[in-house]
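These are the residues of each chain, in order.
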Amino acid sequence: MALYEYVTQEQLAGFDKYKYSAVDTNPLSVYVMHPFWNFVVKFLPTWLAPNLITFTGFMFLVLNFLMLAFFDFDFTASAAGHEHVPSWVWVAAGIFNFLAYTLDGVDGKQARRTNSSTPLGELFDHGLDSWACIFFVATVYSIFGRGESGVGVATLYYILWVVLFSFILSHWEKYNTGILFLPWGYDISQVTISFVYLVTAVVGVETWYQPILWHLLYRDIFTFMIIACSFTVTLPMSLYNVLKAHRSNSLKHDSFYEAFLPFLSPVLFFVLSTTWVVFSPSNILEVQPRIFYLMVGTAFANVTCKLIVCQMSNTRCQPLSWLLLPMALVVLLAVTGVVANETMLLYVWTIAVILAHIHYGVSVVQQLSNHFNIKAFSLKKPNAD
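Since the structure is predicted, the reported quantities are computational estimates derived from the model, not experimental observations.

**Student:** Help me out: how do you make sense of empty space enclosed by the protein in this one?
**Tutor:** The rolling of a water-molecule-sized probe over the atoms marks out the regions of remaining empty space. This structure, assessed with the given rule, holds two cavities of 30 Å³ or more. Roughly 40 Å³ of volume is contained in the largest cavity. What lines the largest cavity is simply W161, F269, S273, M295, V296, A299, F300 and M327. Of all the elements in the fold, those that place two or more residues in the lining of the largest cavity are helix 10 (264-279) and helix 12 (289-313). It is helix 12 that contributes the most residues to the lining of the largest cavity, four residues altogether.

**Student:** Would you explain unusual backbone geometry in this entry?
**Tutor:** Even without glycine at this site, N115 takes up a positive phi of about 55°. Mapped onto the fold, N115 is located in the loop between helix 4 (87-113) and helix 5 (119-144). Residue N115 is classed as exposed on the basis of its relative accessible area of 74%. Positive phi is not limited to glycine here, since N283 has a value of about 55°. Within the secondary structure, N283 sits in the loop between helix 10 and helix 11 (284-287).

**Student:** Which parts of the structure should I look at to understand the nonpolar core?
**Tutor:** Core analysis: the biggest nonpolar cluster contains 110 residues, and W90, F135, W276, F292 and Y293 have the highest contact counts within it. If sequence neighbours within four positions are ignored, W90 has contacts with L68, V85, T139, S142, I143, Y197, L198, T200, A201 and V205.

**Student:** Before we go on, may I ask you to explain the layout of surface pockets in this structure?
**Tutor:** Each pocket or cavity is described by its volume, and for the second largest pocket that value is around 550 Å³. Taken together, 28 residues make up the lining of the second largest pocket; nearest its centre are F124, L128, W131, G361 and V362. Only helix 3 (50-71), helix 5, helix 12 and helix 14 (342-372) provide two or more residues apiece to the lining of the second largest pocket. Here the element with the most residues in the lining of the second largest pocket is helix 14; it accounts for 10 residues. Among the residues making up the lining of the second largest pocket, the classes are represented as 22 nonpolar, six polar and no charged.

**Student:** How do you make sense of the pattern of salt bridges when you look at a structure like this?
**Tutor:** Any two side chains of opposite charge can pair if their charged atoms end up close together. A complete count under the given rule lists four salt bridges for this structure. Its salt-bridge partner being K174, residue E122 comes within 2.8 Å of it at the nearest N-O pair. Of this pair, E122 sits in helix 5 while K174 sits in helix 6 (residues 153-177), and the two are 52 residues apart along the sequence. Judged by its relative accessible area of 9%, E122 falls in the buried class. Between R316 and E258 there is a salt bridge, with its nearest N and O atoms 3.0 Å apart. Of the two residues, R316 is situated in the loop between helix 12 and helix 13 (324-335) and E258 in helix 9 (residues 256-260); the sequence distance between them amounts to 58 residues. You can call R316 partly exposed: its relative accessible area is 37%.

Criteria and cut-off values
Residues numbered from 1 in each chain as written. Predicted model: local features only at pLDDT ≥ 70, side-chain atom pairs only at ≥ 80, totals over all residues. Heavy atoms only, no water. 1 Å grid on protein atoms, 1.4 Å probe; cavity = no way out; pocket = protein on both sides within 12 Å on 5 of 7 lines; lining within 4 Å. Points joined across faces, edges and corners; volume = space filled by probe spheres on them. Helix = DSSP H or I, 4+ residues; strand = E, 2+ residues; numbered from the N terminus. Buried < 20%, exposed > 50% of the residue type's maximum accessible area, 1.4 Å probe, protein only. Core = buried A, V, L, I, M, F, W, Y, C linked by side-chain atoms within 4.5 Å. Contact = heavy atoms within 4.5 Å. Nonpolar A, V, L, I, M, F, W, Y, C, P; charged D, E, K, R; others polar. Salt bridge = Lys/Arg side-chain N within 4 Å of Asp/Glu carboxyl O.

Structure follows, in structure tokens:
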């Protein structure tokens with residue numbers, strides 16, 4: 001039995017009818033990475049479960065996050081006058097990031113190779129991807145840090161939200177069109193950042209202090225590329241694909257309200273967390289940026305996972321996440337000063353959000369494993385033991 005049955009019977013019936021449909025037009029992915037992944041997957045043993053590959057790749061990103069948290073907890077290590085992150089850490093970060101990216105690319109190929117493709121595998125993959133956003137962004141932030149030539153913690157906070165909304169856009173598209181349009185930015189960013197980590201190990205973080213052109217710094221290019229890619233490529237393409245489906249009468253949700261319903265909870269989370277940032281008595285984002293980012297990224301991942309369940313099972317997205325209520329209470333306690341120790345409140349709430357998300361994930365995996373009579377991390381059938 002699952003810890004708790006989050007997936008309804010209607011959704012389980014929808015999973016039974018589910019067929020994977022995706023479009024990947026990125027030249028880097030189609031002509032470089034897919035041939036590479038096809039080569040790599042041949043070396044994997046056929047008894048290795050695809051979900052185990054997915055989870056291992058995700059843990060490499062978590063390891064990067066924890067490793068940089070140890071050497072650069074408050075994102076000041078890259079600033080002038082501070083003890084910098086050791087070069088070997090950047091080498092490890094580059095290798096781990098590329099390994100995570102590679103494993104994320106071969107898990108589906110391993111599933112098809114072993115004839116073990118299931119809706120659970122896709123849900124598990126995309127669910128972990130949604131949580132990986134925060135670990136990836138926070139680790140990259142340590143390259144520039146929050147020094148004079150770095151990126152301010154408030155700026156990074158809004159960049160994080162841009163990344164999170166860019167991620168959910170793809171699943172919003174699929175919720176409305178039934179097709180997952182894989183974003184170009186993902187493959188390019190993974191390869192680029194893996195390379196940048198290795199370059200940083202060789203040339204040092206001081207290199208990123210220098211202007212690339214006139215007074216334009218590398219941090220400005222970093223910020224511009226993320227925002228520009230989101231607003232000039234990701235968002236327009238998502239809207240275009242949904243409007244195209246609407247014109248061809250293939251849109252799954254006809255009304256404007258139903259089509260945009262998946263954005264309600266994420267927007268409310270953004271409003272609540274930004275209210276905390278702006279009105280925090282102790283300037284909590286300056287004091288505890290890493291923990292605040294982790295809280296935001298985990299809460300957002302929880303909302304995204306529920307959307308993925310709905311789009312895969314072809315069921316209606318719920319308007320509000322239950323996490324919004326305690327989040328609103330926490331923000332109220334923080335900004336009004338009722339709880340004097342704001343840092344402690346943030347830590348307690350972050351732990352609660354992480355535990356709630358893990359509980360949700362484990363419960364859903366157990367429930368779907370039972371429903372499909374499979375093991376999540378083994379190719380053996382449960383009754384084959």
